[in-house]
Amino acid sequence: AVAAPGDNYVVDDALSGPRTRWFDEARFGMFIHFGPYAVYQGQYGTCREVEWIKRQCNIPWSDYEAKAATFNPASFNANTIVQMAKQAGQKYIVITSKHHDGFAMWPTRVNRWNLRDHSGFSRDLLRELKDAATANGIKLGFYYSIWDWHDPDFVANFPAYVTKMKAQLQELVTNYDPALLWFDGEWTETNPTNPWSEQNGEDLERFVRGIAPQAIINNRVGKRRPVDGDYGTPEQALAGSPPSAQLQESCMTINNTWGYAAWDTAFKSPTQLVRDLATLTSNGANLLLNIGPMPTGAVSAGQSNALNGVGTWMTTNGVAINGAGYTGLVGQPSWGKVTRKGNKLYLIVNNWATTLHVSQRSPFTVTGARVVGSGSPVTVRAAGDGYDFLPSGGATNAIATVIEADITTPAPAAAGTG
Ligand code: H79
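Asker: Would you mind showing me how to read the sheet that holds strand β17 (residues 401-408) here?
Answerer: Adjacent strands of a sheet form backbone hydrogen bonds with each other and so pair up, either parallel or antiparallel. Spatially, the 4 strands line up as an open sheet ordered β11-β12-β17-β14, and their pairing is antiparallel. Either end of the sheet is taken by a strand with one partner, and the two such strands are β11 (336-341) and β14 (365-371). Taken pair by pair, the neighbouring strands of this sheet meet at an average axis angle of 25°, ignoring direction. In the packing of helix α9 (residues 270-282) onto the sheet, contacts are made with β11 and β12 (344-349), and the angle to β11 comes to roughly 50°.

If you want it as structure tokens, here you go:
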């Protein structure tokens, strides 16, 4: 059954089970786009592109391979990145193990087009990230592009390519035990030579389930919507509210580009990012927020500052995000968003006022309320189609102030015939 508006929906709803629960509770993750394209820093001659730069700027393979040979991410610090995620309230990290350029960020034995064999970089960044993540209670997943521009077999001998792809996925599973696999590049519309079919997707998902039964898989493993994988992946767009047929995770950039581009300094404000995170949480969806490290492996100040701003808000108010979800009980107000965790509602107030009205859509009773952080009491009165919340003081946070409300709900009606 799918949650409908007004249902007594909580985070562990019908779309989630023991295997996917950590993901449905996380709400906030870090996406990392990192590969040899970073060495171009978003520019080839006068052509500006980022992780698509090889294709969009018609770079000859000889040039791209020579550039990739100079890739030296010596300043990549897994612990710094994990701490950055943790501070921001992100519960999982998904890093590109291989983007469309086919370059493997781990020492694959399937080919030499990888960070160790091609670039002579001896460290294993995925290993370092896995260890730092595990030590800090953060889940690690891998992005893996089905579409591969580098392997001639992708066009010349597709079954041979699929065999190599499965061998690489087996390496990733065996070596790093990823909590999640994030496929991409499964479409055929933009590349008629890509023969990825519904059956290919079904076959790949069956393969991955076989070798990694606990792993969460995104829907882009296949082409059937919303059948394949565990969850939908709106890109640069906010997932809507239930009902939806799958769990949802919006992936979004922190500026305008996925990989690192020196010219892209249009960083989203912490206010904007918190708004998006609150909207998604109130819709029962996750935000996978991307960073693109510089070619050295360090994260730019613009990106880390934006993330840090979200973290400052999350330190006090993450209780309204992590483990929280769609309320089903209330209509969304004009002043902000409402999320729910068990018998608590969280009023995420963007526009503070002396009276904050919440419309009641399903029966519940408010028994108390307070401002998160300060603990300052909030008076609650039944009013009109719901409740009025009357804070005693002003907003305590410039981005959004959160009010926590205790609620009781009627026991769900017994299932079966009446
Ligand atoms: O990995 C990131 C992107 O590279 C990849 N998915 C995210 C997570 C992706 N984004 N968009 N697409 C794939 C679809 C293709 C978009 C395109 Fe274009 C528009 C291809 C050519 C025009 C974007 C703009 C890429 C090059 C120019």
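Past the structure itself, the notes keep going.
Asker: What is the right way to read the packing of α9 against helix α10 (residues 301-317) from this model?
Answerer: Helix-helix packing: each pair is described by the crossing angle between the helix axes and the interaxial distance. In contact at an axis separation of 8 Å, α9 and α10 are set at 60° when each is read in the N-to-C sense. Relative to α10, the element α9 is oriented oblique. The handedness of the crossing between α9 and α10 is right-handed. The residues of α10 that touch α9, namely those facing Pro270, Leu273, Val274 and Leu277, are Ala306, Gly309, Val310, Trp313 and Met314. A class-by-class count of the residues in the contact of α9 with α10 yields 8 nonpolar, 1 polar and no charged.

Asker: Which parts of the structure should I look at to understand the site of the ligand?
Answerer: Around the ligand sit 13 residues in total, of which His33, Glu51, His99, Asp184 and Glu235 are the nearest. Taking Trp52, its side chain carries an N or O atom lying 3.0 Å from an oxygen atom of the ligand. Glu235 is positioned with one of its side-chain polar atoms (N or O) 2.7 Å from a nitrogen atom of the ligand. The residue inventory of the shell around the ligand, partitioned by class, reads 5 nonpolar, 3 polar and 5 charged.

The rules we used
Residues numbered from 1 in each chain as written. Predicted model: local features only at pLDDT ≥ 70, side-chain atom pairs only at ≥ 80, totals over all residues. Heavy atoms only, no water. Pairing = 2+ DSSP bridges. Helix = DSSP H or I, 4+ residues; strand = E, 2+ residues; numbered from the N terminus. Axes fitted to C-alpha atoms, helices over the stretch in contact; angles between N-to-C directions. Contact = heavy atoms within 4.5 Å. Parallel < 35°, antiparallel > 145°, perpendicular 65-115°, else oblique. Left-handed = near helix turned anticlockwise from the far one by under 90°. Nonpolar A, V, L, I, M, F, W, Y, C, P; charged D, E, K, R; others polar. Near = heavy atom within 4 Å. Polar contact = N/O pair within 3.5 Å; in protein donor to acceptor, adjacent residues only side chain to side chain.

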